[in-house]
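# Commentary on secondary and tertiary structure
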Amino acid sequence: MNNQLSAMLSAWQENRNSTEWVLGTVYRTEGSAYRKAGAMMLINGHGQQFGLLSGGCLEADIIRNARKAMLTGRPVMLTYDGNDEDDLSFKLGVGCGGTVHIMLQPVSAENDLGLSDLHNALTRRQSGLYFQKINAVEGYFQTGEIHANPPAHIENRIDGDWLVTPISPEPHILVVGGGIDARPVIGIAHTMGWKTTLVDPRPANARPEHFPQADMILRTIDRDLAAYVRDQRVDAVILMAHSVGIDANALGVLCDTPIRHLSALGPRHRFADVLERAGLTRNDLAFDISSPAGLDIGGQLPESIALSMLSGIHHALFKQRAAPAMAQAAE
């Protein structure tokens, strides 16, 4: 079970009528905190948790308090202060030292807090805003485009304070090339809860038994692939076919799609060859490009290179500070 919101909601949707449920949300933090405002988890009547609101230190107490919300049908408000020696979080050894404010809202068949709409939107890979009234059993979701990964914030209204959380689906990456070195790419991305598609026209490559965690394996690189990328809202592409011709064919097909990032395995001069074979220049491409692919973490083995490339994509999609692109990554 991964901790992506879509996976949490799928677990809830599948068992929503078989037991009680509570939605736990971090609605405010002060100082350092493992999770920030907008972080969510779901707890059911069997004591199962889906997602995390801390590094694992507070979850047992959160689950215990969730039972109160289930029994009363009212929200339960929690505060954990890592600086207070008398506070539970301090006694549990929470190392962040900040203060975390958490709201536990009971979820029922009559009032699902808009989680059905949220689940349906993420299934369709749609973005939007999720609204939760603080210290109340109210919530709803509105679809809409989200840009620049804005943080969750509290909106002061006449009827009270509302937490507004931007929601986007988990990243979807397309890996061009199904060789041995693509296996850890698919495996690590799957562990992170990302959606993965693998494409390779060569029968000996991208064999299903070698990529059991891939969400989809495709065999053709043509206009249908471009349509798939648009329909399935692919965010990023990795060119790693170890074939200039295949990579160039893929780049020519994908050059006009709305992907946000492209990583090209190999040295810079190799990507120049791919561009030339495709009849393109960098100015023809509207998306972010990483060539050589990934962040410079000093890796040489396939697993390390996969981690480097996925870290680079994570940086590109979520715009966090990171080291410059790796300088080696030669084929």
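As a reminder, the structure under discussion sits directly above these lines.
Residues numbered from 1 in each chain as written. Predicted model: local features only at pLDDT ≥ 70, side-chain atom pairs only at ≥ 80, totals over all residues. Heavy atoms only, no water.

### Thoughts on the overall build of the chain
For the chain, the count of helices and strands is nine helices and 15 strands. C-alpha extents for the chain along the principal axes are approximately 65 × 40 × 40 Å. Here the chain holds 331 residues, and 52% of them are scored as buried. The average position of the 28 basic charges and that of the 36 acidic charges among the side chains of the chain differ by 2 Å. (Helix = DSSP H or I, 4+ residues; strand = E, 2+ residues; numbered from the N terminus. Buried < 20%, exposed > 50% of the residue type's maximum accessible area, 1.4 Å probe, protein only. Lys, Arg positive; Asp, Glu negative; His and termini not counted. Charge placed at Lys NZ, Arg CZ, Asp CG, Glu CD.)

### A word on the sheet that holds strand β15 (residues 288-290)
The parallel open sheet is built from six strands, whose spatial order is β12-β11-β10-β13-β14-β15. Each edge of the sheet is formed by a strand with only one pairing partner; in this case those strands are β12 (216-218) and β15. Neighbouring strand axes in the sheet, compared pairwise and without regard to direction, differ in orientation by 20° on average. Relative to strand β13 (residues 236-239), strand β10 (residues 172-176) runs parallel, the two being bridged by four bridges. Within the sheet, the bridge partner assigned to L174 lies in β13 and is V237. (Pairing = 2+ DSSP bridges. Axes fitted to C-alpha atoms, helices over the stretch in contact; angles between N-to-C directions.)

### Comments concerning unusual backbone geometry
Cis peptide bonds are those with omega within 30 degrees of zero, and the linkage from S291 to P292 qualifies with 5°. In this structure, P292 sits in the loop between β15 and α9 (302-318). Although it is not a glycine, L113 adopts a positive phi angle of roughly 60°. Judged by its relative accessible area of 0%, L113 is buried. Positive phi values are uncommon outside glycine, yet R125 reaches one of about 60°. Note that R125 resides in the loop between α4 (115-123) and β6 (128-133).

### A short note on the packing of aromatic side chains
A full pass over the atoms with the stated rule returns three aromatic pairs. Centre to centre, the rings of W21 and F50 are 5.7 Å apart; their planes meet at 35°, and the pair counts as tilted. Linking W21 in strand β1 (residues 21-30) with F50 in strand β3 (residues 49-50), this pair joins segments that are 29 residues apart in sequence. For the pair W21 and F50, a shared accessibility class is recorded, and that class is buried. Look at Y140 and W162: their rings are 5.6 Å apart centre to centre, the planes differ by 65°, and that puts the pair in the edge-to-face class. Taken together, the positions of Y140 in strand β7 (residues 139-143) and W162 in strand β9 (residues 160-167) put the pair 22 residues apart, joining distant regions of the chain. (Phe/Tyr/Trp six-rings, centres within 6.5 Å; stacked < 30°, edge-to-face > 60°.)

### What about the sheet that holds β9?
As summarised here, the arrangement of the four strands in space is β7-β6-β9-β8, forming an open sheet in which the pairing is antiparallel. The open sheet has two edge strands with one neighbour each: β7 and β8 (153-157). Direction aside, neighbouring strands of the sheet carry axes that sit 25° apart on average. Two strands pair when backbone bridges link them, and β6 and β7 are joined in this way by five bridges, in the antiparallel orientation. Among the inter-strand pairings, Y130 is bridged to a residue of β7, identified as F141. Packed onto the sheet, α4 meets β6, β7 and β9 and runs at close to 30° relative to β7. (Contact = heavy atoms within 4.5 Å.)

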